[in-house]
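One letter stands for each residue in the lines below.
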Amino acid sequence: MTNCPTLIVTVGLPARGKTYISKKLTRYLNWIGVPTREFNVGQYRRECVKIYKSFEFFRPDNEEGLKIRRQCASAALNDVRQYLTEEGGQVAVFDATNTTRERRETIIQFAEQNGFKVFFVESVCEDPDVIQENIVVSLGSPDYTNCNTEEAVEDFMKRIKCYENSYETLDEVLDRDLSFIKIMDVGQRYLVNRVLDHIQSRIVYYLMNIHITPRSIYLCRHGESELNVKGRIGGDSGLTPRGKEFGKKLSNFIQSQGISDLKVWTSQMKRTIQTAEALNVPYEQWKVLNEIDAGVCEEMRYEEIQDNYPLEFALRDQDKYRYRYPKGESYEDLVQRLEPVIMELERQENVLVICHQAVMRCLLAYFLDKTAEELPYLKCPLHTVLKLTPVAYGCKVESISLNVDAVNTHRERPEVGITTYNHTTTQPQLMQQQLH
Amino acid sequence: MELPQLEHMRLRRCDSAASVPQFCNSPTMIVMVGLPARGKTYISKKLTRYLNWIGVPTKMFNVGQYRREAVKIYKNFEFFKPDNEEAMRIRKACASAALKDVAVYFTKEQGQVAVFDATNTTRERRLIIISFAKERGYKVFFVESICDDPEIIAENIKQVKFGSPDYVDRDIEEANEDFIQRIECYKASYMPIDDDKDRKLSYIKIFDVGSRYLVNRVQDHIQSRIVYYLMNIHVTPRSIYLSRHGESELNLLGRIGGDSGLSPRGQKYANALAAFIKGQNISDLKVWTSHMRRTIQTAEALGVQYEQWKALNEIDAGVCEELTYEEIQENFPEEFALRDQDKYRYRYPKGESYEDLVHRLEPVIMELERQENVLVVCHQAIMRCLLAYFLDKPADELPYLRCPLHTVLKLTPVAYGCKVEPFFLNIEAVNTHRERPVNVDINRNPEDALQTVPDHI
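On a predicted model such as this, the values are computed, not experimentally measured, just so you know.

1. Thoughts on the overall build of chain A
In terms of regular secondary structure, chain A is built from 15 helices and 12 strands. For chain A, the spread of C-alpha atoms along the principal axes amounts to about 75 × 50 × 40 Å. Counting only residues that meet the buried cut, chain A has 57% of its 436 residues in that class. The long-range fraction of contacts in chain A, counting pairs at least 24 apart against all pairs at least 6 apart in sequence, stands at 70%.

2. Remarks on the pattern of salt bridges
Residue and element names in this part refer to chain A. All chains considered together, the criterion is met by 56 salt bridges over all chains. A salt bridge links D143 to R45; its shortest N-O distance comes to 2.9 Å. One end of the pair, D143, is in the loop between α5 (128-138) and α6 (149-164); the other, R45, is in helix α2 (residues 41-48), and 98 residues separate them in sequence. Within this structure, R45, R46, D143 and R159 form a network of salt bridges that share partners.

3. Thoughts on the UniProt feature "binding site: substrate" (unreviewed entry) in chain B
Residue and element names in this part refer to chain B. UniProt records the feature "binding site: substrate" (unreviewed entry) at R244, H245, G246, E247, S248, E249, L250, N251 and R294, using the numbering of this structure. In terms of the greatest pairwise C-alpha distance, the residues named above, spread along 51 residues, form a tight cluster of at most 14.1 Å across. Lining the largest cavity, out of the annotated residues just given, are R244, H245, S248, L250, N251 and R294. When you line up the elements, R244 lands in strand β7 (residues 240-244). Sequence-distant contacts of R244, that is, excluding residues within four places in its chain, are made with N251, Y269, V377, C378, H379, Q380, M383, C403, P404, L405 and T432. Here C403 takes part through its backbone oxygen, which lies 2.7 Å from a polar atom of the side chain of R244. Position of L250 relative to the elements: it lies in helix α9 (residues 249-252). Each residue touching L250, except ones within four places of it in the same chain, is listed here: R255, G257, G258, D259, S260 and E322.

4. Structural notes on the sheet that holds strand β12 (residues 394-401) of chain A
Residue and element names in this part refer to chain A. Taken together, six strands build an open sheet; the order of strands is β9-β8-β10-β7-β11-β12 and the sheet is mixed. Every other strand in the sheet has two partners, leaving β9 (284-285) and β12 as the edge strands with one partner each. Taken together, the three bridges between strand β8 (residues 263-266) and strand β10 (residues 351-355) define a ladder with parallel strand orientation. Pairing of W265 across the sheet is with V353, part of β10. The strands touched by helix α13 (residues 331-347) within the sheet are β7 (217-221), β8 and β10, with β8 carrying the most contacts at an inclination of about 175°.

5. Focus: the packing of aromatic side chains
All names here are of chain A. Scanning the entire structure with this criterion turns up 32 aromatic pairs over all chains. Where Y52 meets F58, the ring centres are 6.2 Å apart and the plane angle is 50°; that geometry is what we call tilted. When its relative accessible area of 5% is taken as the criterion, F58 is described as buried. With a centroid separation of 5.9 Å and an interplanar angle of 40°, the aromatic rings of F58 and Y163 are classed as tilted. With a gap of 105 residues between them, F58 in the loop between α2 and α3 (63-85) and Y163 in helix α6 connect regions that are remote in the sequence. Cluster of aromatic residues (ring-pair linked, three or more members): Y52, F57, F58, Y144, F156 and Y163.

6. Brief notes about the interface of chain A and chain B
The interface is formed by 40 residues belonging to chain A together with 45 residues belonging to chain B. On the chain A side of the contact with chain B, R189, Y205 and K287 of chain A bury the most area, a combined 17% of that side's loss. A salt bridge links R212 of chain B to E172 of chain A, with the shortest nitrogen-to-oxygen separation between them at 3.1 Å. Broken down by secondary-structure element, the contributors of at least two residues to the side of chain A that touches chain B are β6 (189-193), α7 (198-207), α10 (270-277), β9 and α13 of chain A. Counted by class, the side of chain A that touches chain B contains 13 nonpolar, 10 polar and 17 charged residues.

7. Examining the state of the cysteines
All names here are of chain A. Within the structure shown, the criterion is met by zero disulfides over all chains. Among the cysteines around C355, which has no disulfide bond, C220 carries the closest sulfur, lying 7.1 Å off. A relative accessible area of 0% means that C355 is categorised as buried. Cysteine C362 is unpaired, with the sulfur of C380 as its nearest cysteine sulfur at 9.4 Å. Residue classification places C362 among the buried residues on the basis of a relative accessible area of 0%.

8. A closer look at the UniProt feature "active site" (unreviewed entry) in chain A
Residue and element names in this part refer to chain A. The sites that carry the UniProt feature "active site" (unreviewed entry) are, in the present numbering, H222 and E291. For the residues just named, distributed over 70 residues, the greatest C-alpha separation is only 10.7 Å, placing them together at one site. From the set just named, the residues that line the second largest cavity comprise H222 and E291. Note on placement: H222 falls in the loop between β7 and α8 (226-229). Apart from residues no more than four positions distant in its own chain, H222 is found in contact with N228, F246, R271, T272, T275, I354, C355, H356 and L382. A polar side-chain atom of H222 sits 3.3 Å from a polar atom in the side chain of R271. In this structure, E291 sits in the loop between β9 and α11 (302-308).

9. Description of empty space enclosed by the protein
Residues and elements named next belong to chain B. Taken as a whole and assessed by the stated rule, the structure comprises four cavities of 30 Å³ or more. Looking at the largest cavity, its volume works out to about 440 Å³. Forming the walls of the largest cavity are 32 residues, and the residues nearest its centre are I256, G257, Y325, Q380 and T432. Listing elements by their share of the lining of the largest cavity, those giving two or more residues are α9 and α15 (380-391).

10. Structural notes on the packing of helix α4 (residues 85-108) of chain B against helix α5 (residues 123-136) of chain B
Residue and element names in this part refer to chain B. Orientation of α4 relative to α5, taken along the N-to-C sense of each, is 25°, at an axis distance of 12 Å. As the angle between them shows, α4 and α5 are arranged roughly parallel. For α4 against α5, the interelement crossing comes out right-handed. On α5, the residues that touch R91, K92, A95, L99, V102 and A103 of α4 are E124, R125, F132 and R136.

11. Looking at the packing of α2 of chain A against α3 of chain A
All names here are of chain A. Between α2 and α3, the shortest axis-to-axis distance is 9 Å and the interhelical angle comes to 120°. The angle between α2 and α3 places the two elements in the oblique class. Here α2 runs over α3; the crossing is right-handed. Taken together, the residues of α3 that come into contact with α2 (itself represented by V41, Y44, R45 and C48) are I68, C72, A73, A75, A76 and D79. Class assignment of the residues belonging to the contact of α2 with α3 gives a composition of eight nonpolar, no polar and two charged.

12. Thoughts on the environment of I8 of chain A
Residues and elements named next belong to chain A. Note on placement: I8 falls in strand β1 (residues 6-11). The spacing of I8 and F116 is 108 residues in sequence and 9.9 Å in space, taken between C-alpha atoms. In this view, I8 contacts L25, L29, V91, A92, V93, F94, F119, V121 and I203; residues no more than four positions away in its chain are not counted.

13. With respect to the nonpolar core
One finds L29, I181 and L363 of chain A together with L51, I204 and L386 of chain B to be the most contacted residues of the largest nonpolar core, which totals 115 residues. Leave out the neighbours within four places in its chain, and L386 of chain B touches L242, L312, L361, V364, I365, V376 and C378 of chain B. Residues A15 and I135 of chain A together with F179 and Y203 of chain B belong to the second largest nonpolar core, which totals 91 residues.

14. A word on unusual backbone geometry
At N280 of chain A, a residue that is not glycine, the phi angle is positive and equals roughly 60°. Looking at the element boundaries, N280 of chain A is found in the loop between α10 and β9.

15. Describing the pairing of β8 of chain A
Residue and element names in this part refer to chain A. Two elements, β8 and β9, share two bridges in a ladder whose sense is parallel. Bridge pairing links T266 to Q285 in β9. Note on the crossover from β8 through α10 to β9: the handedness is right-handed.

The rules we used
Residues numbered from 1 in each chain as written. Chains lettered and ligands numbered in written order. Predicted model: local features only at pLDDT ≥ 70, side-chain atom pairs only at ≥ 80, totals over all residues. Heavy atoms only, no water. Helix = DSSP H or I, 4+ residues; strand = E, 2+ residues; numbered from the N terminus. Buried < 20%, exposed > 50% of the residue type's maximum accessible area, 1.4 Å probe, protein only. Contact = heavy atoms within 4.5 Å. Salt bridge = Lys/Arg side-chain N within 4 Å of Asp/Glu carboxyl O. UniProt positions renumbered as here; feature names shortened; annotations may be inferred. 1 Å grid on protein atoms, 1.4 Å probe; cavity = no way out; pocket = protein on both sides within 12 Å on 5 of 7 lines; lining within 4 Å. Polar contact = N/O pair within 3.5 Å; in protein donor to acceptor, adjacent residues only side chain to side chain. Pairing = 2+ DSSP bridges. Axes fitted to C-alpha atoms, helices over the stretch in contact; angles between N-to-C directions. Phe/Tyr/Trp six-rings, centres within 6.5 Å; stacked < 30°, edge-to-face > 60°. Buried area = accessible area lost by both parts, 1.4 Å probe. Nonpolar A, V, L, I, M, F, W, Y, C, P; charged D, E, K, R; others polar. Disulfide = S-S within 2.5 Å. Points joined across faces, edges and corners; volume = space filled by probe spheres on them. Parallel < 35°, antiparallel > 145°, perpendicular 65-115°, else oblique. Left-handed = near helix turned anticlockwise from the far one by under 90°. Core = buried A, V, L, I, M, F, W, Y, C linked by side-chain atoms within 4.5 Å. Right-handed = clockwise from strand over helix to strand, strands pointing away.

This is the structure we're talking about:
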């Protein structure tokens, strides 16, 4: 997808959401498979100047302060170079105020020398309410651990003032040859200039779809299915009586949450549809929410897979994320087909997604920033709702078990590897399977 | 083909059985804004084609067409002079007639998006449209095209205006002169969308054919998709080459799907394709294949880098994978008939439908729009879907488009559409095209079902 590495450079006064955007964008790009890392210059500064005294550090006439800040920016750029040229990185997000043309020019030259493309992301906002909210998040920073709130807010406001006088916003005319997106008033308006390639186009699309309106996303699996109790994977079976019980309890739970305007999404498989039916509200079916296709292993028990495809079984345990069932899919394939779901989840507000084990693992990994190695082993038990609520730079997770028994379908990564496989290890390995 | 209870469940939802989520909100009016020769009709037609292809019923309403019906013969630019009262009345009436038809399209024809293609250069005109939409609960999204580059404008005029019915009997210089005067008539009263006064409106401003965009207040999913699409299209001249893999082993046996390698003739085709591509002298050609052996083997012969897309894999025939049509008839006669009844929407058990294919091909189309010269080596059903997009073929024609083996289709955008040149590379291959049989009844006899099956070993 990407040829030369790309350097994304944030621009904007403090408390404009640059770090929020940087972290979110980094999380998204990594999830879709583009190795990305963020470099927060403030962090470098904190390492350099162990104790933050006050806003005076940021005064434009503080020569000592300026020198340190310039050094920190250079150190960060150095690490960027290393990440993009030696560590296989494809995108680096350079998170700092970068409010002067001079500073941006330095970065542009750095990028040119190293063959990186540059894309600026500027956040402009004058809404005092939004800025206040953002300041609260910024006050969670190590700079302010020992201050009381009033003091901290006052200092931070003075900090912002230090940047205001020298702030040169990206200009349609002066900066017409640069590639950038200017986000105004938290996404009411965007100015997009010279998008150069696919990855920049995807980044713009993503940035234009995210919002910060408070909301919650509920993830759960279908109720227990007939094939679940038989220990068989995949297929398209209906719910067991316990599964139907879960549907009812889910309905009660959702009502008790008192959510305004909840959207409900299911896959196109019977078990999620039947679960949603119990809610008695309109729901939308997405084919891309269907469970991972296990190809030749569809509807088999793990013991049968072991017997019929022992090599495949072992290969899957070696690299569960990238392993593709013969005539089926891999987790990596799943992530690709789930991308439109994530994009639409970003656009929406309150949503309940009733899906499947592998699908739920992929979605959860996106929200909780889990790596490809961890993703296929995330615990997503039946009859449990995960409530995700964005907070600060991340996501709060509440796990709510609806108290309806169900089989366990979670298979841990086994200890034995392919080279030590033999019949005597079959027993302990299979002991990990759910009892059915 | 579904249990009755599932059918019932499907009706309960507010959408269809499509794999694309249907966002059954209010209908949306896309309203073009801009001086003549700024690409409004080009954008309107392209956007309409794209939205219909992804399954959003969309129709274009070109006010100029209404004007041509009202005023049979176009004399000259004087018609467009701002002080021409008679003409003003006619033009206003035409805009109203078009708006009426928009309402009919939404309320009686299940339309979801209407593209209102006119200059709409005054605030007054735009207010009329906004009121009209507000009264009826339609959403409005403006698309303004702003361009002052004289070269681009001259090129636009050349490409499309000389073909227009307005200038059918004029010579080029006369037509050019008249058109320039026409543009002047609009310029004096042109009020672009104002970023301050119009900050409550939803719109995208496109500057200089896409070098810059201003996007304001995107309201919903469909507007977000429209913005994404508009930001990815370009007008740089280029060609897209579509071809299937060379003839495969399973092709020879008349078996569908699977993942076999090339037959000897298929290999010959791969070599012929390499020679053909070289002969075309294309600068900077990208080559894309699927993840299946037969397309990869074909691309290998080209001796250049190629990119594999899983999304380009052939349609999954589920339980029918690797069967011949005769075997499908024998084992799944009812499914076979249902497929003939609605080949676009029919989904093989444990497989896919053409409708599903379109959904998974959307990112391919988006990237094709971004790219310039591309050769896509793919499969029969895939190629039909891509071709339907470029040639604006509706869902009922799509599954029957002819995409024979060993034939390259060269698509070159021109004016408002796409020129197609087929190149048969002179290597014989089996025919894999099955026409729709006359009898599609589920109780038909095998002869009727197999009437149109092409020959195989």
